[in-house]
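Each chain, letter by letter, is given below.
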Amino acid sequence: MADAKLLLGGTQTINEQGHLTIGGCDAVELAAEFGTPLYVIDEQHLRDNARQYRSCFQSRLPKVEIAFAAKALMNTAMCRIMEQEGLSLEVCSAGELYTAQVAEFPVGRILLHGNFKSDLELQMAVEGQVSRVVVDSLSELHRLSALAADSSALVDILIRVAPGIKTHTHTYIQTGQVDSKFGLGIASGAATEAVKLSLELPGVNLVGLDCHIGSQLFALDCYGRTVDLMVELLAQIRGEYGVTLEQLNLGGGLGIAYTSEDAPPPIEELAKVICPALREAAEQYDYPLPRLILEPGRSIVGPAGTTLYTVGPLKEIPGVRTYVAVDGGLSDNPRPALYDAEYTALVANKADQERYVPVRVAGRHCEADTLIDEIGLPPVEEGDILAIFSTGAYHYSMASNYNRFPRPAMVLVNNGQADIITQRESLPDVISHDVIPPRLQ
Ligand code: LLP
């Protein structure tokens, strides 16, 4: 069984009372003050990861832009922190863009993604509310061009390419292979057709190419192959159409540890693969070094998040197993149900105790709702606080109101200070969009 102590990261420690602390705050006190379930974000860890990306890549290449993938975790405070760390922002919906705008995120650093952008989203782009649109289909290219031409606007675009690279990750989060809804294929000629079209159409200004091969990736060799393929394509485009595109966006994807068995490569290793590969490819194809854009999400915020739950009823089924129920589950973390994702945890108020009782951690939703299939914990009692690690990315952002549970609060902790950055939803929030039409009165 995995040892959770091995997973303590960022500012996490165990204090003299044997309690887990994060950002200098006692997790048991956080649970008492803010209630549970509670998402806790370690600000220092988050900022360190963002800085790592910038320093590892910017020390190896002259032109680098790191755009945080907002889908991993989005709220106005996140935008502020990413802005302060000098990152750009990748948004994929009007909702994410609106959040960035309310947080006054600089427009010049916002990229708009998505395989089905609504008219509203394209119109926002035409009005200059983002700096670049990553075009995902020919249909979108035509729609964007028409809207832009109507307003006499010129929108900078990148073309999203499906490079035909299959990665080793859950099939739901593979995105770069030929058989994918994302991007335009190289082999089929769709990518070059989109390039040709974008050079002819009014209202759009092609500045680069884009791809994103997958998420939660541990094997880095696929990045090297992707770089080579994309630079080859850039050179081919230059040869055919006489344009030298200056931007190359390689998306995100670096994996993180959810259990102590996971050994993801550090950010520095990613830089050691991508940067020389880019220099070599540029040399090989005699192409000027493009501006490298990366869009990491999970590897910036994932490890910086911890979810605190209160332990409820315990059920020991003789000869079978012991169930430990917690006061959240599927609605605050759908990843075990979606991806068979594994996690590790600590009992925050018994963090220094030996862990030898195997239990299954179950949520409180009306189905199996297993959060952790089996984990060794110290003897657990009702009222204990369970801390599940590595829940910063794709947890709050994928949370729902299943069973009409209000979504949890989120606190940002640093140097002993804890501040709410997303309020806990209330019961009135949960019903705020319900309508009883007059004929049901
Ligand atoms: N750029 C694009 C265009 C993306 O689609 C994504 C993630 C990223 C960047 C950021 O990738 P990251 O660095 O976070 O791996 N819900 C799934 C993850 C879906 C990822 C979707 N795209 C999960 O919980 O594992």
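Note that the structure is a prediction, hence the values are computed from the model and not measured.

Criteria and cut-off values
- Residues numbered from 1 in each chain as written.
- Predicted model: local features only at pLDDT ≥ 70, side-chain atom pairs only at ≥ 80, totals over all residues.
- Heavy atoms only, no water.
- Axes fitted to C-alpha atoms, helices over the stretch in contact; angles between N-to-C directions.
- Helix = DSSP H or I, 4+ residues; strand = E, 2+ residues; numbered from the N terminus.
- Parallel < 35°, antiparallel > 145°, perpendicular 65-115°, else oblique.
- Left-handed = near helix turned anticlockwise from the far one by under 90°.
- Contact = heavy atoms within 4.5 Å.
- Nonpolar A, V, L, I, M, F, W, Y, C, P; charged D, E, K, R; others polar.
- Near = heavy atom within 4 Å.
- Polar contact = N/O pair within 3.5 Å; in protein donor to acceptor, adjacent residues only side chain to side chain.
- Areas by Shrake-Rupley, 256 points an atom, 1.4 Å probe, with all protein chains shown as cover.
- 1 Å grid on protein atoms, 1.4 Å probe; cavity = no way out; pocket = protein on both sides within 12 Å on 5 of 7 lines; lining within 4 Å.
- Sits in = over half its atoms within 2 Å of the grid points.
- Domains from an automatic or database assignment.
- Core = buried A, V, L, I, M, F, W, Y, C linked by side-chain atoms within 4.5 Å.
- Buried < 20%, exposed > 50% of the residue type's maximum accessible area, 1.4 Å probe, protein only.
- Phe/Tyr/Trp six-rings, centres within 6.5 Å; stacked < 30°, edge-to-face > 60°.

Q: What's the story with the packing of helix α7 (residues 190-200) against helix α8 (residues 221-241) in this structure? I'm lost.
A: Any two packed helices are characterised by the angle at which their axes cross and by the distance between the axes. Contact pair α7 / α8: the axes reach a minimum separation of 11 Å and the direction vectors enclose 45°. Here α7 lies oblique to α8, going by the angle between them. Handedness of the crossing formed by α7 with α8: right-handed. Along its contact with α7, which presents T192, V195, K196 and L199, the element α8 presents L233, Q236, I237 and Y241. Residue composition of the contact of α7 with α8, grouped by class: 5 nonpolar, 2 polar and 1 charged.

Q: Help me out: how do you make sense of the site of the ligand in this one?
A: Not every one of the 18 residues close to the ligand is listed here, only the nearest: S215, E295, R335, Y339 and Y394. In the environment of the ligand, an oxygen atom lies 2.4 Å from a nitrogen or oxygen atom belonging to the side chain of S215. Residue Y394 places a side-chain N or O atom 2.6 Å away from an oxygen atom belonging to the ligand. In isolation the ligand has 590 Å² of accessible area, and contact with the protein removes 92% of it. Of the pockets mapped on this structure, the ligand occupies the largest pocket. Classifying every residue of the shell around the ligand gives 6 nonpolar, 6 polar and 6 charged. Residues lining the shell around the ligand come from more than one domain, with at least three contributed by each of domain 1 (4-42 + 302-430) and domain 2 (74-296).

Q: Where do I start with the nonpolar core in this structure?
A: A general trend in soluble globular proteins is that nonpolar side chains are found buried together. Formed by 95 residues in total, the largest nonpolar core has its most connected members in F57, M82, I157 and L209. At 9 residues, α8 tops the list of elements feeding residues into this core. Both domains that furnish three or more residues to this core are identified here as domain 1 (4-42 + 302-430) and domain 2 (74-296). Aside from chain neighbours lying at most four places away, what touches M82 is L46, A50, F68, L87, F105, R109 and I300.

Q: Just checking my understanding: could you explain the packing of aromatic side chains for this structure?
A: The relative placement of two aromatic rings is captured by the distance of their centres and the angle of their planes. Counted under the stated rule, the structure contains 3 aromatic pairs. For the pair Y39 and Y396, a centre-to-centre distance of 5.9 Å together with 75° between the ring planes defines the contact as edge-to-face. Taken as a pair, Y39 in strand β4 (residues 38-42) and Y396 in the loop between β19 (385-389) and β20 (409-414) lie far apart in primary sequence, 357 residues in all. An identical accessibility class is assigned to Y39 and Y396; each is buried. Taken together, a centroid distance of 5.4 Å and an interplanar angle of 80° make the contact between Y258 and Y343 edge-to-face. One end of the pair, Y258, is in the loop between β12 (247-249) and α9 (267-284); the other, Y343, is in the loop between α11 (335-339) and β16 (345-347), and 85 residues separate them in sequence. No difference in accessibility class separates Y258 from Y343, as the two residues are buried.

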